[in-house]
Amino acid sequence: MTINDMKQTNFTEASFADWEQAAIKSLKGKSLESLETKTLEDIILKPLYTLADLTNISLDQTNTVRHSKETANWKVAQHSTANTAEEIIVDMKENLSKGNDLINYKVDAIHEWSPSQIEELKILFQEHEVLLDVENNPSFLDHFDELHGFIIGADRKLTGARSLHLDGTQLHKAGGDVVSELASVLVQADTLAHLNGIEELEEKAFVQFSIDTNFFMEIAKLRAFRVLWKAFGEAFGKENINAIPVYTETSLRSFSALDSNVNLLRAGNSILSSVLGGADIVSSYPHNYLSEITPTSKRIARNMQLVLKEETHIQRVIDAAGGSYYIESLTKQLVEKTWAYFIDLMKDSSPESRESMLLQRASEKWELQLKAVSTRKKSLIGTNNYANPEDGLEEIVIQSDYRRLAEPFEHLRKAFKQYQLKAAILPYGVLKEYKPRMDYINGYLNAIGITPVIAQENLKPFDLQQWINNENIQYAIFVGSDEQTAGLVPALLNEKLSVPLDVAGKFAEYDDWLEAGLSGSIYAGQSMLVKGKELLALAQKEGSHDNA
């Protein structure tokens, strides 16, 4: 085809019906509804969004989001961390010289400040905006007459600084969904509005969110807050309430101490969500935060934002996600669900009861997330999927106030270092038929901390027992095609092998095999954590026999 032919080529516009027919054909008997997924927030995600999805979405939604931002730019606010007060000052200056737009410091009680160091801080704080967390030591503020920026945990009103902190991270850290986080912020705002008045709240408040790796949902979360804030102001008689600054930090919920380099991707994902969602201030945890922060990891965390600014020019576009059929629809549903939940919460006049309801919901949502990770419906690369058995786990993993999805796997991996289980995969049949199942079992065991050995294929019962004895095997998994498994497992069970035998896959004959002596099974959709604990108990039992 020539260039001229290409220029003359026309493409027929595809309708939704055309797409639907093509999708149904590719699904090979499954329904189109099978492509729909349900989020933690009980929102049904469709496989395709079109202009029709914007029909019931008011233009006010997009306008509210865009008018709540004075500029498309955002402020880089990497944390300053160090062991001493002197090192903290050095780190603050380093961050500012290398790209930070403000000073972000969580006051630590172990830092002792000399008069000269306080004077140096005063100069820095006069020249730069600050984001200070003084919850651990509110008296730190006694040293400063005036601050510009944002204060978390302040016990007083400060000239020039916003000190009414709306914390959306508390529910996120407890495992809550987006609706929980947004509703919690509105409940806090209601309390502060009644204490201080809506005008002072408008002038002195700022909101903080943790941003996880659910890319589009996190974008919609920040956009939904802008719409909800406007609705909140109207409820208090403030028709055109001014927007308040939105501060985001990358979430540690999906961070893992296993294969920590993958945290670079998680953090990058979260930062981009923050920016596209319209955050005003952004901070990112270094990828090795859970083990040992290094100067290099701090630099990488800061440079992620700088690269976005310099290479993508996102800071030149207000609400780049606006108008997306999917994101606008998601934003609208979050607004509606959050406002309805907020109204239900406010029916209870007790603040303690509201908090209890929020934490209860967060706990329920956490269990759902943990189940999804345990069954691999949610993938944590390097942790529950594609785990590297050679990957070392630090003896001490730094504790945070985040519930982390990888933590149970870290505990299992550490336990299997102490109580090693000599496991074997027993392949039967033809390689091309059993290899996918064998690879699955190998990856499954790697993820919970077991590195299996693979036996020679198609070993006869006598030779198999001999091999088990020679290799000191303590546990084995039969791997084969459906036909091979159905035909050979009963025969092996009749031989009464000296080690517990599991089967790979799900079979109708499973209960009969259990009666014949089968130990258990490993299959897709099974809880890896439950199976891991069962195998750990076996390893501990075998370990006690060895010690005896």
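Engineer: Please set out the sheet that holds strand E6 (residues 149-152) residue by residue, giving values where relevant.
Structural biologist: In spatial order, the strands read E4-E5-E6-E7; together these four strands make up an open sheet with parallel pairing. Each of the sheet's edge strands pairs with one partner strand only, and the pair in question is strand E4 (103-106) and strand E7 (161-162).

Engineer: Explain a negative patch on the surface to me, and be specific about the residues and the numbers.
Structural biologist: A grouping of Glu509, Asp511, Asp512 and Glu515 is seen on the molecular surface, where their side chains present a negatively charged patch. Turning to its location among the elements, Asp512 is positioned in helix H18 (residues 510-515).

Engineer: Before we move on, could you go through the pattern of salt bridges and cite the residues and values that matter?
Structural biologist: Per the counting criterion, the structure on display carries 30 salt bridges. Here Arg66 makes a salt bridge to Asp319, at a shortest N to O gap of 3.1 Å. Taken together, the residues span a long stretch of sequence, with Arg66 in helix H3 (residues 59-67) and Asp319 in the loop between helix H11 (295-312) and helix H12 (325-346) at a distance of 253 residues. According to the relative accessible area criterion, Asp319 is buried, its value standing at 10%. Between Lys93 and Glu120 there is a salt bridge, with the nearest N and O atoms lying 2.5 Å from each other. Of this pair, Lys93 sits in helix H4 (residues 85-97) while Glu120 is found in helix H5 (residues 115-127), placing the two residues 27 residues apart along the sequence.

Engineer: Tell me about the nonpolar core, residues and numbers included.
Structural biologist: Ranked by size, the top nonpolar core spans 67 residues in total, and within it Leu166, Leu201, Phe209, Phe225, Trp229 and Phe232 carry the most contacts. Not counting the four nearest positions on each side in its chain, Leu201 is found in contact with Leu164, Ala189, Leu192, Ala193, Trp229, Phe232 and Ile244. If you look at the next biggest cluster of nonpolar residues, it comprises 33 residues, including Trp366, Leu405, Ile425 and Val479.

Engineer: Now, about unusual backbone geometry: what can you tell me, with residues and values included?
Structural biologist: Most of the time, phi is negative for any residue but glycine, and the peptide bond is trans. Positive phi outside glycine occurs at Asn458, with the angle close to 60°. Note on placement: Asn458 falls in the loop between strand E13 (453-454) and helix H16 (461-471). A residue is classified by how much of its surface remains accessible, and Asn458, at 36% relative accessible area, is partly exposed. Despite not being glycine, Asn472 shows a phi value in the positive range, around 55°. Checked against the element boundaries, Asn472 lands in the loop between H16 and strand E14 (475-480). Here Asn472 falls in the exposed class, since its relative accessible area comes to 56%.

Engineer: Tell me about the side chain of Gln61, and name the residues and values.
Structural biologist: Within the fold, Gln61 resides in helix H3. At 2.7 Å, the side chain of Gln61 forms a polar contact with the side chain of Glu328. Once residues lying within four places of it in the same chain are set aside, the contact partners of Gln61 are Arg223, Val227, Glu328, Thr331 and Lys332.

What counts and what doesn't
Residues numbered from 1 in each chain as written. Predicted model: local features only at pLDDT ≥ 70, side-chain atom pairs only at ≥ 80, totals over all residues. Heavy atoms only, no water. Pairing = 2+ DSSP bridges. Helix = DSSP H or I, 4+ residues; strand = E, 2+ residues; numbered from the N terminus. Patch = residues over 30% accessible without salt bridge, like charges linked within 9 Å, V, L, I, M, F, W, Y side chains within 5 Å. Areas by Shrake-Rupley, 256 points an atom, 1.4 Å probe, with all protein chains shown as cover. Salt bridge = Lys/Arg side-chain N within 4 Å of Asp/Glu carboxyl O. Lys, Arg positive; Asp, Glu negative; His and termini not counted. Charge placed at Lys NZ, Arg CZ, Asp CG, Glu CD. Buried < 20%, exposed > 50% of the residue type's maximum accessible area, 1.4 Å probe, protein only. Core = buried A, V, L, I, M, F, W, Y, C linked by side-chain atoms within 4.5 Å. Contact = heavy atoms within 4.5 Å. Polar contact = N/O pair within 3.5 Å; in protein donor to acceptor, adjacent residues only side chain to side chain.

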